[in-house]
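Structure assessment
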Amino acid sequence: QVQLVESGGGLVQPGGSLRLSCVASGDVFRINDMDWHRQAPGKQRELVAAITSDGITNYPDSVKGRFTISRDIAKKTVYLQMNRLESEDTAVYYCHAGIWGYRGDYADYWGQGTQVTVSP
């Protein structure tokens, strides 16, 4: 069994910063791509940052230059540094990863989500 647990969400003023973390635990032999998604009320879930096992990153234009994704392979953790936050960034943020188990099985996993609220 695999778990992804996010942390670091909260309330922040416009222009502020937050750092999200997501750690994988359980039957985790190797992690492929890891990414962060978000879902605002009434909107579809959208990708906000992705990082490959080789460290290549990808961002949509809406967050490029403000958000930075990174990962610590040894700690099985992915981070999302969010700077210059805007009210439009308010959403539940989800961690996602493709994970190989020790028995050679592969599956996609999602975290439970962490709320980020940007408000004066």
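Owing to the predicted nature of the structure, the values given are computational and were not obtained by experimental measurement.

Before going further, it helps to examine the pairing of strand 10 (residues 106-110). In terms of strand pairing, strand 9 (residues 91-100) meets strand 10 through five bridges, oriented antiparallel. Pairing of Ile 99 across the sheet is with Ala 107, part of strand 10. Between the end of strand 9 and the start of strand 10, which pair antiparallel, lie five residues, with Gly 104 showing a positive phi angle near 85°.

Right, let's get into the pairing of strand 3 (residues 18-26). Pairing of strand 1 (residues 2-7) with strand 3 involves six bridges; the strand directions are antiparallel. Along strand 3, the bridge assignment pairs Ser 7 with Ser 21. Across six bridges, the pairing between strand 3 and strand 8 (residues 77-82) is antiparallel. Counted as the bridge partner of Leu 18 is Met 82 from strand 8.

With that settled, consider the environment of Ala 91. Mapping Ala 91 onto the fold places it in strand 9. Spatially, the C-alpha atoms of Ala 91 and Pro 41 are 7.2 Å apart, while their sequence positions differ by 50 residues. Setting aside anything within four residues of it in sequence, one finds Ala 91 in contact with Arg 38, Gln 39, Ala 40, Thr 114, Gln 115 and Val 116.

The next point concerns the state of the cysteines. Here, disulfide denotes a covalent bond that connects the sulfur atoms of two cysteines. A full pass over the atoms with the stated rule returns one disulfide. Note that Cys 22 is cross-linked by a disulfide to Cys 95, the S-S spacing being 2.1 Å. Around the S-S axis, the bridge from Cys 22 to Cys 95 shows a dihedral of about -80° and counts as left-handed. Here Cys 95 lies in strand 9 and Cys 22 lies in strand 3, a separation of 73 residues in the sequence. Given the relative accessible area of 0%, Cys 22 is considered buried. Take Cys 95: its relative accessible area is 0%, and that puts it in the buried class.

Thresholds, definitions, all that
Residues numbered from 1 in each chain as written. Predicted model: local features only at pLDDT ≥ 70, side-chain atom pairs only at ≥ 80, totals over all residues. Heavy atoms only, no water. Pairing = 2+ DSSP bridges. Helix = DSSP H or I, 4+ residues; strand = E, 2+ residues; numbered from the N terminus. Contact = heavy atoms within 4.5 Å. Disulfide = S-S within 2.5 Å. Buried < 20%, exposed > 50% of the residue type's maximum accessible area, 1.4 Å probe, protein only.

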